[in-house]
Every structure is written in structure tokens, then in C-alpha cells.
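An overview of the molecular structure
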Amino acid sequence: MYPDFQVVVTTHMDRGHLHNHFAICAIAKDGHKLRDDFYGREGLQRLREVSDRISMEYGCYQVKDAPLIGLGGRPKYIDQLITTSQKKILRTKVDELKSIATDLDELVEMLSNEGYIWNQRGGDSMGFIVLGGQKAVRLASLGEDYAVEDLKRFFKLKRKRYITEEDLAQFSVQSLNEITQNGGQAMEQIIESIQYSQKALEPDVEVPVYFRKRARAYSRLQMLDEDLSLLDKYNVQSFETLDTTIQTLEKRLQNKRVQYQQKKQDLTAHQDQLELLKIYLGKYNVAHTYYEMKALSKDLEKIEDVEAFENARQQLGEIDLETARTLYTDHYQKTVELNQMVADLSYDQYELKQLYDIKQGALDRNEEFISSISISQNRIVPSMSSDRFYFVRIPYTDEYLYVPKSTVCWNHKDRGRIYLVDDQMQTLFDANGNQTRQLTSEQIKILSDQKKAQIDLNYRKDSTVDSSKLVFTVNHSLFDPDGETNTMVCIRIPNTAGLKFVEISKSNLIWIKEGVTAQVVLDRQQKVAVFDKYSDTQRIQKADTLSKYFEQRKKEFKELF
């Protein structure tokens, strides 16, 4: 603590409690004077903190209710110390939450949720009342980097900071199995979304919505990594080993709880002895000072503290000071061990809950934190695209936008995902390249999703509301070219392994994607010709009878899983 000051440390070992005295030369070797700022780098309070830490390391007793170091009981000085302590508490909490919050508003909200009372002021007057305090402590009084403008600048720099490849490289899945597959895929998608969306960031444009989403995505990434690390820790490779691990951990927890209760009962049984030891050690100095003075003055009356000491010593069996210290240290050590058991139990319980969450499908859920739109190659208009930009039709709409090629991630199946910066303004165009309107990326995502939902709804209405219709989808591979005429087509009935065909009118055929996919729409009571191509037999029957082939296939599919 004081490398440039001369210090003498003496330890009192002939008293009821071991304690240190520090004698510090107030002038350093380089000539500067020792600062008496209490909590600062050279503050007196740190002497106690260092001494307490050493005491803890060696199992010695720590004084919990000692008077504050300082200038006696002067009220003004004590008030100053209380204020300093509140500043330290608030500064520690602000430092903790700064690493989590994404802007000043979120920091204020998080502090309020923690119980700190905001004084509803802005600028340099912004402050919080610490738990148990009476007056608000201004943020600006916490130090150089805690004024409102400093905090705003901190969050601005934090938001501008790219999540680097090194940051993302720590999240990797070495091997995938039936348990880790979903979690690993979710991690890969989040990493991909961060990498590609950051390429669209502009240096001087504020995008707080995106930064919040990216922060949540990164947080989710860390949670998934913890889950996968836990599975790796217990070498979980399958659902069977997951169940076995959960059962093993439950048994271990049960055994630890039994051991904890036994140790707690043993400690409780010696609680009376502990209280006597506290009195013995606490009153020892007073009693022996009284005995020394009594030897000089026979008329000295015995005070209450001395009687308490003598009563405790008698009940403890007239033990000496060293024995009392040993007994107290033993009790303290058992308390430390009990606390350690509580910590172990708590952590095992936490891991068990994680494993249960994984078992119930927690890893299967992958919330899309950074907005994206899925596209295929045929959504791109090559003639309108450039070296840097794709001209893309927004899925489920008739509108287009230019997308930087660097923000699109393609997979091996010619499907891509456009990653968006939510608050970024985008210009929309019609098919001829004429501007139509401007929307944010987030609004474009919502527009596409809403259009898809409307199409899905209309499809469900078409296929379920009108129960008199039989609707099924076919692709071009099911058509028999030899059976086609000007008005009729011959289609293999899906799920019949090439055995049965149906002849229908072209008016009952609706192309979804010309020449590729079509829907067949029939009245259930309509008569159709069904024939077996191999046996050359034909029957005229109601279209409703075709549905049995689809129901049989659904049943087979369910049985597979």
C-alpha cells in the first residue's frame, strides 16, 4: 500500500483480540505528503481492508462493528465518511451496470430497478439516493468519468464499437450431436447475423434499436455457450446420457443436503459456546486492565464487563486466552466450511436447472435478435443489380430495394439471408426502378412478415373454410405427358408410389409457379377417373375418395416420429 513511505507494523498478541497498529511516516521518500482521503489510494480505510483480507486468509477473527477510523466522534467528520461510503456504493453499482446497459436511459432504468432512487434531474444535477441514504449523490461527484456527458460519450463509443472476429471466435462448437445440434446451429446463426449486419453500419448514424438487438443477440450467444459448455463438462452426447447425468446430479445434491444438515446441526449445538467465547474475548482486555488496577487499589469496584468475563470463563471451564482463541478459530473455520457447502449446493442446483431446461427444449428456441429476410436467387433482378448491390424483390410484396452484397449470407442451396440494421432508412422501388417510398429496415421486415401472414391466412381460408373442396399441391414431376390433351391432364396421385393416376380438367388446375408447382382444386362430390397405369384398370369415383391417400400418408409420417 505504501511503497514510498516508511511504515512500522506492530501486532498486539497479549490482548483478547489480535490487532495491528500502523505507524506511518507522513512524508514519502520523494518528499510528498501522505494524503488523508480515507478511501483513496493512500486512504486510511484501506489499511483495515488489507488487514481484514490477511485475517481472512489465515482464519483470524475480523472485527465487524469496530468504530470508523478517523478523528473520534466528531459528527461532521462522521457525516463526511457516510457520504463517501454512499459514493463508493453508487460508483461500484454504476461500474457494474455500465457494462450491461446500452445507453444512459437504460442505465437510469436499471439503477431504479435495483432500488436506487433517481432525483428526476438531468445534466450535472442527475443523482440517486443510495439505499438507506437521505440525500441524492450526484453522478458527477463520483469521479471524472461519471458526469452525464461523460456517460453519454462512453455509451456512444460503446455502441460504435464493432463486435470483432476475436470476440466471436470464442464461441465455437467442436462437435455436434443430437443434444448440441440445435444450440450449435442457433449460435452459428447469431454469429452470422452479427457479422453480416455490422457491414451495413454507417460511421455517423445513430441506430440505438439495432445496438439493443445486437446486445441481446450477444447475450443470447453467451447463454447458449454456457449451456453447451455445461453439456461438454458432463460429456452429454445423447438424450440418454442427459437423463443419466440429471439423475446422478440429483443424487449428489441429495447427499450434499444431508451432509449440510449434519454440519449445521453440529455448529448449532455449539452456538452457546460461541456466544461465551465472544464475551470472553471481547471482555478480556477490560477484565485484565481491572485486575492490574485492583492490585494498586483495593477499593476498586468490579464493573459489569468484568463480571460478564468471569461468568463466561467459568462456564467455559476456566480456559486460558490461547485456548479461547483456538476454539473460536475452529468455530469460525466450521462456519466458513458451512458457507462453502451452501455455495456448492447453490451452484449444483443451478446446473441441474440448466440441464432440465436443455432437456425441455431450451436450446431449440432461437429468437431472431437481429432482423433478417430470407431470399432465393430468383428474387434478385440481375439487370438492375450492380457490382456492390443486389436489386431484390421484397418477399411476398411487389416492391424492391437495393441491398449491399456484403450483408447477404448465402448457403449451399442458393438461399440467402439479408441481415438488416433496424433503424436504417431504405428507399423502396417498383419493378422498373422508380422510387415508391422510404421505410426503415425494421418496417420492411414487418411488411414482409405481414404480407406472408396474410397469404398464409388466405390459404388457410381457401383450404379449410370451404369444406366442400379438396385441395392438394402437385409439382411438374407428377404429370404424365402421354396423358395430356387440350382440356385434360393426367396426374399421379401423390403418395401412391407411382401406381395410381387421376384424370382432371385443366380448369381444376391452378399454377402457383408456372411450369413448376400447381394446386388441384376439386369439388369433393365431383366425379373423376382414377386408373392404375400398370394393371390398365380404370374406375369413376368421387374426388373425396382421393383424400384417403393423403390421410394414410399423414399417419405414416406421424408413426415415423
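Presented here is an overview of the structure given in this document. Treat the numbers as computed from the prediction; the structure is a model and nothing was measured. (Residues numbered from 1 in each chain as written. Predicted model: local features only at pLDDT ≥ 70, side-chain atom pairs only at ≥ 80, totals over all residues. Heavy atoms only, no water.)

1. Digging into the overall build of the protein
- Scanning the protein from terminus to terminus reveals 13 helices and 19 strands.
- In the protein, the share of contacts with a sequence separation of at least 24, taken over all contacts with a separation of at least 6, comes to 56%. (Helix = DSSP H or I, 4+ residues; strand = E, 2+ residues; numbered from the N terminus. Contact = heavy atoms within 4.5 Å.)

2. With respect to the packing of aromatic side chains
- With the rule as written, the count across this model stands at 13 aromatic pairs.
- For the pair tyrosine 284 and phenylalanine 309, a centre-to-centre distance of 5.9 Å together with 80 degrees between the ring planes defines the contact as edge-to-face. Placement of the pair is tyrosine 284 in helix H9 (residues 271-296) and phenylalanine 309 in helix H10 (residues 304-315), with a sequence separation of 25 residues.
- Looking at tyrosine 284, the relative accessible area reads 13%, which means it is buried.
- Ring-pair connections join several aromatic residues into one group, and the members of that group are Phe391, Tyr400, Tyr402 and Phe429.
- Above the face of the phenylalanine 154 ring, lysine 98 is positioned so that its terminal group lies 4.4 Å from the ring centre.
- Looking at lysine 199, its charged tip hangs above the ring of tyrosine 196, at a distance of 4.4 Å from the centre. (Phe/Tyr/Trp six-rings, centres within 6.5 Å; stacked < 30°, edge-to-face > 60°. Buried < 20%, exposed > 50% of the residue type's maximum accessible area, 1.4 Å probe, protein only. Lys NZ or Arg CZ within 6 Å of the ring centre and 35° of its normal.)

3. Describing the pattern of salt bridges
- If you walk through the whole model with that rule in mind, you get 20 salt bridges.
- For lysine 152, the salt bridge identified is with glutamate 149, shortest N-O distance 3.9 Å. Here lysine 152 and its partner glutamate 149 are both found in helix H4 (residues 148-160), three residues apart, which amounts to about one turn of the helix.
- According to the relative accessible area criterion, lysine 152 is partly exposed, its value standing at 42%.
- We note a salt bridge from lysine 233 to glutamate 351, for which the minimum N-O separation is 2.7 Å. Of this pair, lysine 233 sits in helix H7 (residues 208-233) while glutamate 351 sits in helix H11 (residues 321-359); the two residues are 118 residues apart in sequence, bridging distant segments of the chain.
- Since its relative accessible area comes to 1%, glutamate 351 is described here as buried. (Salt bridge = Lys/Arg side-chain N within 4 Å of Asp/Glu carboxyl O.)

4. What to know about H9
- A rise of 1.5 Å per residue sets the reference length of H9, with its 26 residues, at 38 Å; its end C-alpha atoms lie 38 Å apart and thus fit the reference within 8%.
- Along H9, the sharpest kink reaches roughly 50 degrees, centred on tyrosine 284.
- Buried within H9 we find Leu274, Leu276, Leu277, Tyr280, Leu281, Tyr284, Asn285, Ala287 and Tyr290. (Expected span 1.5 Å × (residues − 1). Bend = angle between axes of the 7 residues up to and from the residue.)

5. Some remarks on the nonpolar core
- Counting 30 residues, the largest nonpolar core has Leu168, Tyr218, Leu221, Leu231, Leu242 and Leu355 as the members making the most contacts within it.
- Here the element with the most residues in this core is H7; it accounts for seven residues.
- Excluding anything up to four places from it in sequence, leucine 221 contacts Leu168, Phe171, Met187, Ile190 and Ile191.
- With 20 residues, the next largest nonpolar core counts Leu97, Met110, Phe128 and Phe155 among its residues. (Core = buried A, V, L, I, M, F, W, Y, C linked by side-chain atoms within 4.5 Å.)

6. Considering the sheet that holds strand S14 (residues 488-492)
- Taken in spatial order, the four strands make up an open sheet running S14-S15-S18-S19, and their pairing is antiparallel. Of all strands in the sheet, those with a lone pairing partner are S14 and strand S19 (537-542), marking the two edges. With strand direction ignored, the average angle separating the axes of adjacent strands in the sheet is 30 degrees.
- One ladder, built from five bridges, connects S14 with strand S15 (residues 500-505); its direction is antiparallel. (Pairing = 2+ DSSP bridges. Axes fitted to C-alpha atoms, helices over the stretch in contact; angles between N-to-C directions.)

7. Structural notes on the sheet that holds strand S9 (residues 408-410)
- Spatial strand order, S6-S10-S9: three strands in an open sheet with antiparallel pairing. In this open sheet, the two edge strands, each paired with only one partner strand, are strand S6 (372-376) and S9. In this sheet, neighbouring strand axes are inclined to one another by 25 degrees on average, regardless of whether the strands run parallel or antiparallel.
- As paired elements, S9 and strand S10 (residues 415-419) share three bridges and run antiparallel to each other. Note that in S10 the partner of tryptophan 410 across the bridge is glycine 416.
- Most of the contacts of helix H6 (residues 180-197) go to S10, to which it runs at about 60 degrees, and overall it touches S9 and S10.

8. Points about the packing of H6 against H7
- Put simply, H6 and H7 touch, their axes get as near as 10 Å, and they point 150 degrees apart. Considered as vectors, H6 and H7 are oriented roughly antiparallel to each other. Between H6 and H7 the crossing geometry is left-handed. Side by side, H6 and H7 meet where Thr180, Gly183, Gly184, Ala186, Met187, Ile190, Ile191, Ile194 and Ser197 of the first sit next to Tyr210, Arg214, Ala217, Tyr218, Arg220, Leu221, Leu224, Asp225, Leu228 and Leu231 of the second.
- Split into classes, the residues belonging to the contact of H6 with H7 amount to 12 nonpolar, four polar and three charged. (Parallel < 35°, antiparallel > 145°, perpendicular 65-115°, else oblique. Left-handed = near helix turned anticlockwise from the far one by under 90°. Nonpolar A, V, L, I, M, F, W, Y, C, P; charged D, E, K, R; others polar.)

9. Section: the pairing of strand S12 (residues 435-440)
- Here strand S11 (residues 425-429) pairs with S12 via five bridges, running antiparallel. Within the sheet, the bridge partner assigned to phenylalanine 429 lies in S12 and is glutamine 435.
- Here S11 hands over to S12 after five residues, with glycine 433 in that stretch at a positive phi of 90 degrees.

Scope: geometric values only; no functional claims are made or implied.
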